[in-house]
Amino acid sequence: MSSTISALSFLSSQEGQRLLRKYEGADIHQVLLNPPKELRGFEKEFVGQLVARKKASKKLPGWISTPGIVLPPPLSTEQASSAIAAEYKKKLLAGELLVDLTGGTGVDSLAFSEQFEKTTYVEADKELCSIFAHNQKQFGKQIEVIYQDAASFLDQFQGRAHFYIDPARRDERHKKVFRFADCSPDVTLLLQAFEEKAYQVLVKASPLIDIKMALKDLKWVETVYVLSIHNECKEVLFLLDFARRVAKPAIHCINIASHKKHVFQFDFDQEGESNPEFGVDGDFLYDPNSSILKAGAFKRVASQYGLQKVARNTHLYCSRKEVEHFPGRIFSILHRDPSKLQLKEIFDRGEGHVVTKNYPEKAEAISKKLGLKPDGKLYLFAFRDVENKRRIFVGEKVSG
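Trainee: I'd love a proper account of the overall build of the chain, names of residues and values included.
Mentor: If you tally the helices and strands in the chain, you get 17 helices and 16 strands. Among the 400 residues that make up the chain, the fraction classed as buried is 53%. Considering only residue pairs separated by 6 or more positions, the chain has 65% of its internal contacts joining residues 24 or more positions apart. Of the roughly 20,300 Å² of accessible surface on the chain, a fraction of 48% belongs to carbon and sulfur atoms. In the chain, 59 side chains carry a positive charge and 52 a negative one; their mean positions are 4 Å apart.

Trainee: Provide a residue-level description of the packing of helix α2 (residues 14-23) against helix α4 (residues 43-59), including the pertinent values.
Mentor: In contact at an axis separation of 10 Å, α2 and α4 are set at 55° when each is read in the N-to-C sense. Here α2 is positioned oblique relative to α4, judged by the angle of their axes. For the pair α2 and α4, the sense of crossing is right-handed. Where α2 approaches α4, its residues Gly 16, Leu 19, Leu 20 and Tyr 23 are matched on the opposing element by Phe 46, Gln 49, Leu 50 and Arg 53.

Trainee: Let's hear about α4: which residues, and what values?
Mentor: If you check α4, its first and last C-alpha atoms are 25 Å apart, about what 17 residues at 1.5 Å a residue would give, namely 24 Å. Along its length, α4 reaches its greatest deviation from straightness, about 25°, at Arg 53. Regarding α4, the residues found buried are Phe 46, Val 47, Gly 48, Gln 49, Leu 50, Ala 52, Arg 53, Ala 56 and Lys 59.

Trainee: Would you mind going over the nonpolar core in detail, with residue names and values included?
Mentor: With 52 residues, the main nonpolar core has Phe 163, Phe 194, Phe 238 and Leu 240 as its most contacted residues. Those residues in contact with Phe 194, other than ones at most four positions away along the chain, are Leu 101, Leu 154, Phe 163, Val 187, Val 201 and Phe 242.

Trainee: Just give me the short version of the state of the cysteines, but keep the residues and values in it.
Mentor: Considering all chains together, one arrives at zero disulfides under this definition. Distance from the sulfur of Cys 253, which forms no disulfide, to the nearest cysteine sulfur (Cys 233) is 9.1 Å.

Trainee: Could you give an account of the side chain of Ser 113, naming the residues involved and the relevant values?
Mentor: Within the element layout of this structure, Ser 113 appears in the loop between α8 (107-112) and β2 (116-123). By relative accessible area, which is 13% here, Ser 113 ends up buried. At 2.6 Å, the side chain of Ser 113 and the backbone oxygen of Leu 110 are in polar contact. Engagement of the side chain of Ser 113 in a polar contact is seen with the side chain of Lys 141, the distance being 3.3 Å. If we skip the residues at most four places from it in the chain, Ser 113 touches Thr 119, Lys 141 and Ile 143.

The rules behind each value
- Residues numbered from 1 in each chain as written.
- Predicted model: local features only at pLDDT ≥ 70, side-chain atom pairs only at ≥ 80, totals over all residues.
- Heavy atoms only, no water.
- Helix = DSSP H or I, 4+ residues; strand = E, 2+ residues; numbered from the N terminus.
- Buried < 20%, exposed > 50% of the residue type's maximum accessible area, 1.4 Å probe, protein only.
- Contact = heavy atoms within 4.5 Å.
- Areas by Shrake-Rupley, 256 points an atom, 1.4 Å probe, with all protein chains shown as cover.
- Lys, Arg positive; Asp, Glu negative; His and termini not counted.
- Charge placed at Lys NZ, Arg CZ, Asp CG, Glu CD.
- Axes fitted to C-alpha atoms, helices over the stretch in contact; angles between N-to-C directions.
- Parallel < 35°, antiparallel > 145°, perpendicular 65-115°, else oblique.
- Left-handed = near helix turned anticlockwise from the far one by under 90°.
- Expected span 1.5 Å × (residues − 1).
- Bend = angle between axes of the 7 residues up to and from the residue.
- Core = buried A, V, L, I, M, F, W, Y, C linked by side-chain atoms within 4.5 Å.
- Disulfide = S-S within 2.5 Å.
- Polar contact = N/O pair within 3.5 Å; in protein donor to acceptor, adjacent residues only side chain to side chain.

Okay, structure coming up:
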């Protein structure tokens, strides 16, 4: 512990911060082989900071620019929520007391503190506790820091609160896992305590989680949030409300990109009852964002926007007229099933994006075959239609 405090003192000092800025972007191996003399025995911690800062440069730009901040070890920084995700999540809970049971880097704790009168950060890793206790001061916060595991804290906790929990999704071999039973802590084992002590609980799960199975495991789910950033699914969130049980949890599919936010809402009954038309008629092709695909709203999105679904297992859609505000990308179809010779003429500049859906060849293989680099305005879609025939459409993006 004393070594952690010493490293914190050095890395957060003016000299430590100056060196971090100086060597930011430097070759890590070169720094390790020939460390600056000023590091005074903190070579390992210094290099860890360089690696962590690189990982945080895009997801936590505000942290990098805040003087005196010391990032947690690289793996913890890599697993932390992004600033964009934390900003979205903080709006899902509000009240008197928020307890973050798996504090980690502290990104979410800091965000939730803006919505609650008091916030408590609970963490089973002593080093992370020390780092967060230091960092919160740099942000001007006063969050209670408790060094304890989630289950022990819950067992001793008196009263009621809102809780947030993000179980570790790596096993003892550091292999990624996603089922609640394989994560630490196992949220399902904490449900009885939550029933007694929680108003609401927000559970962060892996993007690989089986949503229907998770609903059965967690029982009290009111709402599911499938969160994508720049069309990459980052988090699946389950909001548990212990005041009431909901028969049909609402599923919100969110994609945040370039200051725009698309939200599509449905439930699994609506998906089961939807009966869209199948076909490839029309001049426009639609590719839903990753949150909708993760949530499984394959038929519902077609019914809600009046689109044809290309095929049962091909999650592309068509229409004769452009449908505005579609939660995904919209393309104007320029060519249908061009020949190999026509494809060479269409992509004569060697630029084009390839998308495959329910197709035997991967996009990378098609790009290589056509000699394409992922650039330019044109998109090639390779897919199977309702008759299971291989089709190729070429289009230009008009929205999304």
